[in-house]
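Descriptive structure summary
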Amino acid sequence: MSPKTNTYKKNVYKSEKGQANTDLEGRDITWSSLRDFFKSKRLRKATGLFFLLASVFMALAFFSYLFTWKTDDALLDGRTLNWELLTDATVDVANIMGRAGAILAHLFIKQWFGIGSFLLLLILFISGLRMLSGHRLLPLGKTTGYSLFFLIWFSVFFGYVIASGDLLILGGIFGFESAVWLNGLLGKAGTALLLLFSMGLFIILVFNPVFGTGEWFPGVWRRGLRPGKEADPLAEAMADETPGEATGSETEIDTRPGLEDDDPDDLTGLDRTGIDYGDEPGGTLDMDTGTEEIQTDPLDEGPELEIEVATGKISGSDYQAIGDPFPGNDSDMPDLSHLGEFDPTLDLPRFKLPGLDLLDEKGSGTIQVNKQELEENKNKIIETLKNYAIDIDKIKATVGPTVTLYEIVPAPGIRISKIKNLENDIALSLSALGIRIIAPIPGRGTVGIEVPNRNPEIVSMKSVLASKRFQNSSFELPIGLGKTIANETFIADLTKMPHLLMAGATGQGKSVGLNAILTSILYTKHPAYVKFILVDPKKVELNIFSKIERHYLAKLPDAEEAIVTETRQVIRTINSLCVEMDNRYDLLKDAQARNVKEYNVKFVARRLNPNHGHRFLPYIILCVDEFADLIMTAGKEIELPIARLAQLARAVGIHLVIATQRPSVNIITGTIKANFPARIAFRVTAKVDSRTILDTGGADQLIGRGDMLLSTGSDLLRLQCAFIDTHEIERITDFIGSQRAYPDAFHLPEYFEDDASVTDSMDPTERDELFEDAARIVVATQQGSTSLIQRKLKLGYNRAGRIIDQLEAAGIVGPFEGSKAREVRIKDEVSLEQILRHEG
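The structure reproduced in this document is the subject of the present report. None of these values were measured; they are calculated from a predicted model.

A few words on the overall build of the chain. Of the regular secondary structure elements, the chain holds 27 helices and 20 strands. A buried classification covers 48% of the 840 residues belonging to the chain. Put simply, of all contacts in the chain between residues at least 6 apart along the chain, 69% involve residues at least 24 apart.

See below:
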């Protein structure tokens, strides 16, 4: 097995004499490897540490020189400042940093720039701090420019004011000689005017004062100026200085212009729910004529290997399309139209979306039609229907990746209900699992019989993302769910759904479907436009996305991990999301916008003032992998905020994707179902579960492994979910995680729980008479559960529950932790007896 290669760092060593230089893996050292070494993070940190310590050393030397300069100058004036002087032990200087400190201070302060040399130490210090720890104390570019200006200006100024004497060190010999030269060139008056002009020019360039208004400096310090561009006050108000450039070579992604609004009159291929059914024909076979029409959705209709999709940038031109029903809604907003549109992606300007080369090719990408199988199924369907005196005029087959749809046109006078009632008989004759009859097919006037293929084809995530329909989609949040029976790529817009409920038995594809939704958005959206809140009670399904925490994830400010796993933390996070929703509605009200898209368009057009709290609002998607566990452990504490979000959050850009493997009525309640018009049902075991999810049967007749039914209200569509494996997601998250990120995850508003509980107000004198016995049992067994007290003391549940609350108030057991037993905080009976004796 070949040794693993670390593509990020290479430890290089010097080989023995007579041998070529190689690294630890035996490869020759080339100029490129040396270049990689000089770009390494270790060298950068070592250089930063050197700069920090050098700035401290020189600062101490400079300060010491201010008090010892007469003594040291007497030794150094007239001597050559070279290595011999530095190593000459007979030279006894007074500077506390020795001969090196005395020589450096003499050069910088006396010979060169005077006391302005302290500004050079500031540049050295902030450079070292940034290289060592990444901390940005001050903007490096601006600080360097300003420091160099004042270094020269003060040196010349003091040289002009002070001709000679003991105060010569204020401007240094450089400043004195420069002032003498300027006096000879311009005269003293001309030199004074030049100094005033240079300082005035600096103030104008930096502060841009407005004269005659009573407010000379209305602007703010400009951040991150690029050549040829003016400052962006909106960007400054929104965030601190943009993080430093990432090391290594990076390539700007070539993104297309911003999204355009869909033409409301052009409804070709679009459903009112935001579902794109497309117009690509699938494989069809006419049974009467024997002619074959097979048109699939091959992989090669996309680009080569690098996907190019819009980043979701909102253009200012969209503002005209949406319209401004309340012009001038921020009356004190300055006119910033000359700055152009605000770009939310400026914090991560070099971020690259993942490429298709990170995904695997699964399956052939084409439908293999088995004519013999089709003919056999056709004959069996016709024979079975004839046995029940049902004649048909025509039958046609549409071949999909996993299921074939047989459309039959019954003879006149045949009741559709008779065909529907023969579902089990047809399944028996075909010896197939997952037969589903659609009677009739909406809009076609035919009856559909869905029969699973003997050799199903895998629908890869790569084929979905590479399709023209996905790349050319103008949806705000496009998600590629898979392919239809007609082998058409199916794209939906999450903002139009606007929430999605997924349910199905264990192992039928829910987690894969959730991964497909997340991957679709990761392939189309810059981190500035979308954030995810991932809730994973099982702790293992969504943990793989933790690598993109600082790019795409949102969390509470005090949360240690972005993937929410604990029940109490889930409750806090969802309630915090409700606070974020309320805050967003306040912003929309102030901006007089009806939804988040209108609001962001106004913000991009610079019509909203960040000083009034306005900010760019990214979409927030809450993904819950196992909702049943949360309902079982938290109940109403979870259900009520989820229902509130489902009712109100759509307009402010917050969308929910909830998955559960237990589709019972006590988990998917009526309150939840009423606010989730878009639902996905994977295979379930009973018809009642299908009715719970979809309000109709059918999910119990699916074949599993990603076979699913999508309900968008009145429509029911059968799809084969796109498959994406764990190692593919790892490659995607590694690619995103290796790029420059935000300093931290997106922070949700802080949420403080109401800690006032019943246990806080319990009076120790009102304790149960069996309190002490229960405390001894809990400490002896180290199990803080109500059922244990019930069994040991033979009590009812209510009384045992009250005793547990009393034990919690006394500090003997910890708080409720969902399905887990309470923590026992007293570890031995001796400590317990001391507590009981003290309280007694």
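Picking up after the structure, the text goes on.
Topologically, R662 is positioned in the loop between strand 16 (654–660) and helix 21 (670–673). Considering only alpha carbons, one finds R662 and G504, 158 residues apart in sequence, at a separation of 7.0 Å. Apart from residues no more than four positions distant in its own chain, R662 is found in contact with A628, M632 and I667.

Let's shift gears to helix 15 (residues 510–522). End to end, helix 15 covers 18 Å across 13 residues, agreeing with the expected 18 Å (1.5 Å per residue, within 8%). Summarising burial for helix 15: 12 of the 13 residues are buried, a large majority. For helix 15, the complete set of buried residues consists of K510, S511, G513, L514, N515, A516, I517, L518, T519, S520, I521 and L522.

The next thing to look at is the environment of V813. By the secondary structure assignment, V813 is in the loop between helix 26 (797–809) and helix 27 (829–839). Expressed as a C-alpha distance, the spacing of V813 and S785, which sit 28 residues apart in the sequence, is 9.3 Å. The residues touching V813, leaving out its near neighbours within four places in the chain, are V778, G784, I804, L807, E808, R822, E823, V824 and R825.

Let's shift gears to the pairing of strand 19 (residues 716–721). Counting buried positions along strand 19 gives 5 out of 6 residues, so the element sits mostly inside the fold. Direction of pairing for strand 10 (residues 478–484) relative to strand 19: antiparallel, over a ladder of 3 bridges. Looking at strand 19, one finds that T484 is bridged to L719. Inspection of the sheet shows strand 18 (residues 707–711) paired to strand 19 by 5 bridges, in the antiparallel sense. Bridge pairing in strand 19 links L710 to L717. Counting the residues that bridge the hairpin from strand 18 to strand 19 gives 4 residues, and of these G713 lies at a positive phi of roughly 110 degrees.

What follows is about the packing of aromatic side chains. Across all of its chains, the model carries 20 aromatic pairs by this definition. Relative to W112, the ring of F108 has its centre 5.0 Å away and its plane inclined at 80 degrees; by these criteria the two rings are edge-to-face. With F108 and W112 both in helix 4 (residues 98–113) and 4 residues apart, this pair spans about one turn of that helix. Measuring from ring centre to ring centre gives 4.6 Å for F149 and F202, while their planes differ by 5 degrees; the resulting arrangement is stacked. Residue F149 is located in helix 6 (residues 140–161), and its partner F202 is located in helix 7 (residues 172–207); the two are separated by 53 residues in the primary sequence. In this structure an aromatic cluster arises from ring pairing among Y146, F149, F150, W153, F154, F157, F158 and F202. Over the face of the ring belonging to Y529 we find K525, whose NZ or CZ atom lies 6.0 Å from the ring centre.

Cut-offs applied
Residue indices begin from 1 for each chain and proceed along its sequence in written order. Two thresholds apply to this predicted model, a pLDDT of at least 70 for residue-level local features and 80 or more for giving and counting side-chain atom pairs, whereas whole-chain, interface and lining totals are computed over all residues. Excluded from the side-chain calculations are hydrogens and water; all other atoms, namely the structure's heavy atoms, are used. Strands here are runs of E lasting at least two residues and helices are runs of H or I lasting at least four, both read from the DSSP assignment and numbered beginning at the N terminus. Burial status follows relative accessibility: with a 1.4 Å probe on protein chains alone, a residue under 20% of its type maximum counts as buried, one over 50% as exposed, and anything between as partly exposed. We call two residues contacting when some pair of their heavy atoms lies within 4.5 Å. Multiply 1.5 Å by the residue count of a helix minus one, and that product is the helix's expected span. Strand pairing is defined by DSSP finding a minimum of two bridges between the two strands. Each pair of aromatic rings taken from Phe, Tyr and Trp, with Trp reduced to its six-membered ring, is defined by centres within 6.5 Å and is described as stacked if the planes are under 30 degrees apart, edge-to-face if over 60, and tilted in the remaining cases. Either the NZ atom of lysine or the CZ atom of arginine qualifies as a charge over a ring when it sits within 6 Å of the ring centre and within 35 degrees of the ring normal.

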